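# Notes for the structure review
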Amino acid sequence: MPELPEMENYKLLLQQKIGGQTITDISINREKSINVYTETFIRQVQNQKVVEIERKAKHLLFYLENGRVLVLHLMLGGLMFYGTEEEKPDRTIQIRLSFGSENLYFIGLRLGYLHLFTQEGVKEELADLGPEPLNVNFSLDHFLELVENKRGMLKNTLVDQEFLSGIGNCYSDEIAWHAHLLPDRTMDDLDKKEKVQLYESIRFILPRATQFGGYMDQPLFKGDSKTGDYPSQAYVYDREGESCRRCGNKISKGEISSRKTFYCRECQH
DNA sequence: AGGGCAACCCGGACGC
DNA sequence: TGCGTCCGGGTTGCCC
């Protein structure tokens, strides 16, 4: 479940690997993963330098020399691996971008995709995304304004990409736990103090998760000890029956809007 | 507006 | 080992 922290981690590591590097070869093994004909994709992407990598919400944007942009969304279960043919995991590869003898492999793209756009096209494509919760401009006042007339459930609000971008199923639970709030609380029920705490928890959980490399179960490259260290640091996510790191009570598992939801019924209210 | 739900997709985990 | 079955889960779109 790649969310903001996973993608941010990927961005930081990939910048060092392929930033400024030229895409020397391409193989598309699954045409559904791209939005143009394979020939078009290859014509516009091959021999292009990756001039910059940016993360927007759960997307990774690869800016090419020619002004085109590759927009990646891993959706469920998507992941990347960077390395040589011999090092790559024994998984089905949907797309391979080569950088000389090393390659960037895209794996597990079922609903995920690597779409090609012009810069204007990207703007249009991502126009409906809400603000970046880690942006320096995203102040407490901005947040309070945003939640002013919100009425839905806390969890649903956090994962709503038009409200805030980048938070998914895992980190919405982590944030709610950190804020001492139950995920099924409704937004209009929160008092000022709880809203302030919620903001602070968002700003605490996401960078912390990024620091631990998020929730991936595969390293990005051979010797990568950073990616995927978060599970051992998680507060509630996927910890049903384990003890709460705050109060020691057993973590519960429930369901909200058909998403599995983890929480502590003792110290979240 | 917000909740509920189906559809999308198919590799991989699991069961026999 | 091998085959069949089913799950996962972000996003979109539709209904109520």
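Everything numeric here is computed off the predicted structure, so don't read it as measured data.

On to the protein's contact with DNA strand C. Taken together, Met1, Lys58, His73, Met75, Leu76, Arg110, Leu111, Gln161, Asn169, Arg259 and Lys260 make up all the residues around DNA strand C. Backbone atoms, meaning sugar and phosphate, make up 48% of the atoms of DNA strand C lying within 4 Å of the protein. Within the side chain of Lys58, an N or O atom sits 3.1 Å from a phosphate oxygen of DNA strand C. Here a phosphate oxygen of DNA strand C sits 3.3 Å away from a polar atom, N or O, in the side chain of Lys260.

Moving on, we get to the sheet that holds strand E1 (residues 25–28). Taken together, the four strands give an open sheet; going across it, the order is E1-E6-E7-E5, and neighbouring strands pair in antiparallel fashion. Strands with a single pairing partner mark the edges of an open sheet, and in this sheet they are E1 and strand E5 (79–83). Each adjacent strand pair in this sheet contributes to an overall mean axis angle of 15°, direction not counted. Here six bridges tie strand E6 (residues 93–99) to strand E7 (residues 102–107), and the two strands are oriented antiparallel to one another. Following the sheet pairing, Leu97 is matched in E7 by Leu104.

Next up on the list: the packing of helix H6 (residues 169–178) against helix H7 (residues 192–211). Where H6 contacts H7, the axes come no closer than 8 Å and their chain directions differ by 130°. Relative to H7, H6 is oriented oblique. Once H6 is placed against H7, the crossing between them reads as right-handed. Along its contact with H6, which presents Tyr171, Glu174, Ile175 and His178, the element H7 presents Gln197, Leu198, Ser201, Ile202, Phe204, Ile205, Leu206 and Ala209. Split by residue class, the contact of H6 with H7 holds eight nonpolar, three polar and one charged.

As a matter of local geometry, DNA strand B sits amid Arg30, Lys32, Arg91, Thr92, Arg110, Leu111, Lys150, Arg151, Gly152, Met153, Asn156 and Ser257. When the atoms of DNA strand B within 4 Å of the protein are sorted by group, sugar and phosphate make up 80%. Measuring from a phosphate oxygen of DNA strand B, one finds a backbone N or O atom of Arg151 at 2.8 Å. Within the backbone of Met153, a nitrogen or oxygen atom sits 2.8 Å from a phosphate oxygen of DNA strand B.

Our next topic: the domain arrangement of chain A. Partitioning chain A into structural domains gives domain 1 (4–125) and domain 2 (140–264). Using C-alpha coordinates to define each centre, domain 1 is positioned 28 Å away from domain 2. Each partner contributes to the interface: domain 1 provides 19 residues, whereas domain 2 provides 21 residues. Carbon and sulfur atoms supply 68% of the area buried between domain 1 and domain 2, which totals about 1800 Å² over both sides. Of all residues in domain 1, the largest losses of buried area upon contact with domain 2 belong to Pro5, Glu6 and Asn9, amounting jointly to 29% of the total for that side. Where domain 1 meets domain 2, there are zero salt bridges.

The rules we used
- Residues numbered from 1 in each chain as written.
- Chains lettered and ligands numbered in written order.
- Predicted model: local features only at pLDDT ≥ 70, side-chain atom pairs only at ≥ 80, totals over all residues.
- Heavy atoms only, no water.
- Near = heavy atom within 4 Å.
- Polar contact = N/O pair within 3.5 Å; in protein donor to acceptor, adjacent residues only side chain to side chain.
- Pairing = 2+ DSSP bridges.
- Helix = DSSP H or I, 4+ residues; strand = E, 2+ residues; numbered from the N terminus.
- Axes fitted to C-alpha atoms, helices over the stretch in contact; angles between N-to-C directions.
- Parallel < 35°, antiparallel > 145°, perpendicular 65-115°, else oblique.
- Left-handed = near helix turned anticlockwise from the far one by under 90°.
- Contact = heavy atoms within 4.5 Å.
- Nonpolar A, V, L, I, M, F, W, Y, C, P; charged D, E, K, R; others polar.
- Domains from an automatic or database assignment.
- Buried area = accessible area lost by both parts, 1.4 Å probe.
- Salt bridge = Lys/Arg side-chain N within 4 Å of Asp/Glu carboxyl O.

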